[in-house]
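A closer look at the structure
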Amino acid sequence: MSFDDERTRGYVLLPRLFSPGETAALSNAAESALARVTGHALEGKTEVTVWPDGHRLETVDGTTVHWEPDARPPAVRSLAPVTHLEPALDALWADERLTGPMRRLLDVDRLGPFTSKLNFKRAGVGSAYHWHQDYPYWYCCAGPDARDIATAMICLDDVTADNGALTIVPGSHLAGPAPRDRAEPTGLLVDAARTDVGGAVTIEAPAGSVLMFPGLIVHRSGPNTSTRDRRSLLLCFQPAGRPTLARLPYRSELLADLP
Ligand SMILES: O=C(O)CCC(=O)C(=O)O
């Protein structure tokens, strides 16, 4: 497929970009960051926030721990940002295998980091992500610069529909910000009744693969109903020289600019 087609489709899948050995090393780094951070959280060294949808978030070690809402025993849904927690994760910002395709996707010469995240989606308890674009959340921090941010999602495990693969609406980024669901408490999710989600594709891929997509693409993922974890590491890039997400205040009032 030509690059023009990738631009139109809006996402790029790079199968097995990382070798099994590299993927295992990244998974070990992810698990050791998680163990350290949750250890500190259990010692009570955190600031706790409860989101309007009831999800519990705790900030510790410069990262936010987002707990699975219904898992017993407790399980972590995500950590963000994360690359500062482990050198092996931090090194990825300069990995040409990621930065080359990402520079082309964003059409810029020099990249910088925006934020990073680990989604754990554990076997049997990893919960769904409803239809959304990343753009509204980032817009509340970065304003219109949020248009120039895209994610590289590194699959740390084999990804299948039953362990919660991402489903993407090809080309949806071209329509700009989608109508948001006004009845939903966070105000950040897409109103799927007013958005064309026909033609959505579920992206299955082996561990070590990377999926790249811009913040305006409409996507969702199902719960992990399998017996296999579906962990992924997300690096969000932007043009060099701009502030990272951690340096920007969250201004929910900016949501009023969006449909
Ligand atoms: O990991 C997933 O299943 C969903 C990722 C996503 O959409 C997000 O973290 O915003």
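Not measured: the values here are computed from a predicted model. (Residues numbered from 1 in each chain as written. Predicted model: local features only at pLDDT ≥ 70, side-chain atom pairs only at ≥ 80, totals over all residues. Heavy atoms only, no water.)

If you tally the helices and strands in the protein chain, you get 5 helices and 13 strands. Computed over the C-alpha atoms, the radius of gyration of the protein chain is 17 Å, within 12% of the 18 Å expected from 2.2 N^0.38 for a compact globule of 259 residues. The principal-axis extents of the C-alpha atoms in the protein chain amount to approximately 50 × 45 × 40 Å. Across the 259 residues in the protein chain, those meeting the buried criterion constitute 52%. Here the analysis covers contacts within the protein chain between residues at least 6 apart in sequence; of these, 80% occur between residues at least 24 apart. Entry remark: accessible area of the protein chain is about 11600 Å², with carbon and sulfur atoms responsible for 53%. Taking the average location of the 26 positive side-chain charges in the protein chain and that of its 32 negative ones, the two points are 1 Å from each other. (Helix = DSSP H or I, 4+ residues; strand = E, 2+ residues; numbered from the N terminus. Rg over C-alpha atoms; globule rule 2.2 N^0.38 Å. Buried < 20%, exposed > 50% of the residue type's maximum accessible area, 1.4 Å probe, protein only. Contact = heavy atoms within 4.5 Å. Areas by Shrake-Rupley, 256 points an atom, 1.4 Å probe, with all protein chains shown as cover. Lys, Arg positive; Asp, Glu negative; His and termini not counted. Charge placed at Lys NZ, Arg CZ, Asp CG, Glu CD.)

Attention shifts here to the sheet that holds strand β13 (residues 232–239). The sheet built from 9 strands is open, its strands ordered β1-β11-β8-β13-β6-β5-β4-β3-β2 with antiparallel pairing. Every interior strand has two partners, whereas the edge strands, β1 (12–14) and β2 (47–50), have only one. Neighbouring strand axes in the sheet, compared pairwise and without regard to direction, differ in orientation by 20° on average. Sheet contacts for helix α4 (residues 96–106): β1, β6 (111–119), β8 (150–155), β11 (210–214) and β13; angle to β8, the most-contacted strand, approximately 145°. (Pairing = 2+ DSSP bridges. Axes fitted to C-alpha atoms, helices over the stretch in contact; angles between N-to-C directions.)

A word on the site of the ligand. Looking at the ligand, the residues that line it are Lys117, Asn119, Lys121, Tyr129, His132, Asp134, Met153, Leu166, His219, Ser221 and Arg230. Here an oxygen atom of the ligand sits 2.9 Å away from a polar atom, N or O, in the side chain of Asn119. Contact between the ligand and Asp134: an oxygen atom at 3.4 Å from a side-chain N or O atom of the residue. The fraction of the free accessible surface of the ligand (290 Å²) that becomes covered by protein chains is 94%. Of the residues in the shell around the ligand, the class split is 3 nonpolar, 4 polar and 4 charged. (Near = heavy atom within 4 Å. Polar contact = N/O pair within 3.5 Å; in protein donor to acceptor, adjacent residues only side chain to side chain. Nonpolar A, V, L, I, M, F, W, Y, C, P; charged D, E, K, R; others polar.)

Bringing the layout of surface pockets into the picture now. Reported here for the second largest pocket is a volume of approximately 200 Å³. Arg7, Gly10, Leu105, Leu106, Asp107, Arg147, Asp148, His173 and Pro214 together form the lining of the second largest pocket. When grouped by side-chain class, the residues that make up the lining of the second largest pocket number 3 nonpolar, 2 polar and 4 charged. (1 Å grid on protein atoms, 1.4 Å probe; cavity = no way out; pocket = protein on both sides within 12 Å on 5 of 7 lines; lining within 4 Å. Points joined across faces, edges and corners; volume = space filled by probe spheres on them.)

Bringing the pairing of β13 into the picture now. Across the 8 residues that make up β13, a large majority, 8, are buried. Pairing between β6 and β13: 8 bridges, direction antiparallel. Directly across from Gly112, in β13, lies its bridge partner Gln238. Bridge analysis of β8 against β13 gives 6 bridges, and the strand direction is antiparallel.

The subject of this paragraph is empty space enclosed by the protein. Enumeration according to the criterion identifies 1 cavity of 30 Å³ or more in this entry. In this structure, the largest cavity spans a volume of roughly 70 Å³. Taken together, Met153, Cys155, Val159, Leu166, Ile203, Ala205, Leu211, Arg230 and Ser232 make up the full set of residues lining the largest cavity. Of the residues that constitute the lining of the largest cavity, the class distribution is 7 nonpolar, 1 polar and 1 charged.

Attention now goes to helix α2 (residues 20–42). Between its terminal C-alpha atoms α2 stretches 32 Å, which fits the 33 Å expected from 23 residues at 1.5 Å a residue. Where the residues of α2 are buried, they touch β3 (56–60), β4 (63–67), β5 (76–80), α3 (87–90), β6 and β8. Trailing α2 by a residue or two, Gly44 shows a phi angle of about 80°, which is positive. (Expected span 1.5 Å × (residues − 1).)

Taken together, 4 strands build an open sheet; the order of strands is β7-β12-β9-β10 and the sheet is antiparallel. Edge positions in the open sheet fall to β7 (129–132) and β10 (201–203), since each of these has one partner strand only. Strand-to-strand, the axes of this sheet are offset by a mean angle of 25°, without reference to chain direction. Of the strand pairs in this sheet, β7 and strand β12 (residues 219–221) are connected by 2 bridges, and their pairing is antiparallel.

In the structure shown here, the tally under the stated rule is 4 aromatic pairs. Ring geometry for Phe114 against Trp138: centres 5.6 Å apart, planes inclined by 75°, an arrangement best described as edge-to-face. With Phe114 in strand β6 and Trp138 in helix α5 (residues 135–142), the pair connects residues that are 24 residues apart, well separated along the chain. You'll find Phe114 and Trp138 in the same group, each marked buried. (Phe/Tyr/Trp six-rings, centres within 6.5 Å; stacked < 30°, edge-to-face > 60°.)

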